[in-house]
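Architecture and fold: a report
These are the residues of each chain, in order.
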Amino acid sequence: MSRVLGTVSRGIRLPIIKSGEQKLESIIIDSLKQASIESNTNFKDKDIICITESLVARAANNYVTIDDIANEIKQIFGENATIGVLYPIYSRNRFSMILKGIAKAAKKVVIQLHEGKDEVGNDLVNPFTNIDIIEFYKSVVLSENAECEIITSDSIFKILEYTKDIIISTIHTRFNDYNAIIQTQFFDYKGIVMPQPNKVITLDKICCEMNNKHGYNTLYGVLGSNKATDNSLKLFPNKDTCKTLCDNIQKYFKDTYDVNIEVMVYGDGCFKDPVGGIWEFADPVVAPYATDGLKSSPNELKIKYLTDNENMSTEDIKNAIKDKDNDLKGNMLSEGTTPRRYSDLVGSLADLTSGSGDKGTPVIWISGYFDNYNDD
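Just so we're clear, the structure is a prediction, and the values are computed from it rather than from any experiment.

1. Comments concerning the overall build of the protein chain
Broken down by element type, the protein chain carries ten helices and 13 strands. Put simply, the protein chain has 376 residues, and 48% of those count as buried. Within the structure as shown, the protein chain displays about 18800 Å² of accessible surface, and the carbon and sulfur contribution to it stands at 46%.

Put into structure tokens, the structure is as follows:
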């Protein structure tokens, strides 16, 4: 075994990227080239370049204001509506500004929360900040001169006792929640017949139409947005924007260095904080776009199993890896490997590498991710 270095994930620092930056592609490439010089490392086939979604969205000026959200809410539900907000995430950064826009459009807002944690594991009282989300969300609504009522129930139909106009605010369960509300016979947990809903939408239907007045996301609307200022949100980047950037960078490295790299835009990884119990996955997807080599899943043997159970020598193990089947799904020799998509796995690695604070490394350069024990 002549080489001992395996997967390496490097955070790449960039200049501060402002809204509307027109040269993002060249800035990323120049920073990667400088990182190659500093680390004395050449670019190789199957290297992966990961770009955080916030960088892409900011450069694309993909922002909306509270007024933009409020205007769309009024178009959907009309003036002076009582709007139900069903199961929002408990997050000042992720949801408070959306709620502010809803409240600005409504006469009254009824928020239904789970009796315990939200869908990604946040508590009603944050264990780190001690923010009481019920009191905080109430203050957000009242600040926009709307009435506010907050209820807690794990019965999805409870909100129909208060209003028939509903914004389903879940992220990953939104389609099931929507279908349950509009298609199921409406009984609450006490067996009482519930009224039929009037207008029901999900968050991906807000600010999702292409326009030249403000930002939008055709797939996810305001899902995946973050607070930008006290009056605006940065939206998740559009897939077409991500595709153009990734494909251009991939082409540049092929044309310039004759290497075939993969490129992706990533948001939240998908992992659980062991102390707070929070799934760090408030974006609708890990990767809004990834080049083709990241769209499949690993097909790997479990070296630990081969070592412990098969009484194989090092050379036998290397030969088994070399001669492995193209599809090991369900094979005991792959039991315990991770059957997820490369884009989700790599996106989680990139998110952990870049962090979310002041590291200043919104681009990640990963080498050796596709290597195995035979790659000397």
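2. Structural notes on the sheet that holds strand E7 (residues 165-168)
With respect to topology, five strands assemble into an open sheet ordered E6-E5-E4-E7-E8, the strand pairing being parallel. Edge strands, defined here as strands with exactly one partner in the open sheet, are strand E6 (147-152) and strand E8 (199-202). Neighbouring strand axes in the sheet, compared pairwise and without regard to direction, differ in orientation by 20° on average. Bridging between E7 and E8 involves four bridges; their strand directions are parallel. Its bridge partner being in E8, Asp165 is matched across the sheet by Lys199. Here helix H5 (residues 133-143) sits on the sheet and contacts strand E5 (108-113) and E6; the angle it forms with E6, its principal contact strand, is near 155°.

3. Some thoughts on the nonpolar core
If you look at the biggest cluster of nonpolar residues, it comprises 44 residues, and the most contacted ones within it are Ile73, Leu99, Val109, Ile111, Ile167 and Ile206. Among the secondary structure elements, those contributing two or more residues to this core are helix H3 (66-77), strand E4 (82-86), helix H4 (92-105), E5, H5 and E6. Top contributing element to this core by residue count: H4, with seven residues. With sequence-adjacent residues up to four places away left out, Val109 is seen in contact with Ile83, Val85, Leu99, Ile102, Ala103, Val141, Glu147, Cys148 and Glu149. Membership of the second largest hydrophobic core comes to 27 residues, among which are Ile17, Cys246, Ile261 and Tyr289.

4. Focus: the pairing of E4
Along a regular strand, successive side chains alternate from one face of the sheet to the other. With four of five residues buried, E4 lies mostly within the body of the structure. Where E4 meets E5, five bridges bridge the pair, whose relative direction is parallel. By the bridge assignment for E5, Gly84 is matched with Val110. Tracing the backbone out of E4, into H4 and back to the parallel element E5 gives a crossover that is right-handed. Sheet topology note: the E4/E7 ladder contains four bridges and is parallel. Considered in E7, the bridge of Val85 is made with Ile167.

Calculation rules
- Residues numbered from 1 in each chain as written.
- Predicted model: local features only at pLDDT ≥ 70, side-chain atom pairs only at ≥ 80, totals over all residues.
- Heavy atoms only, no water.
- Helix = DSSP H or I, 4+ residues; strand = E, 2+ residues; numbered from the N terminus.
- Buried < 20%, exposed > 50% of the residue type's maximum accessible area, 1.4 Å probe, protein only.
- Areas by Shrake-Rupley, 256 points an atom, 1.4 Å probe, with all protein chains shown as cover.
- Pairing = 2+ DSSP bridges.
- Axes fitted to C-alpha atoms, helices over the stretch in contact; angles between N-to-C directions.
- Contact = heavy atoms within 4.5 Å.
- Core = buried A, V, L, I, M, F, W, Y, C linked by side-chain atoms within 4.5 Å.
- Right-handed = clockwise from strand over helix to strand, strands pointing away.

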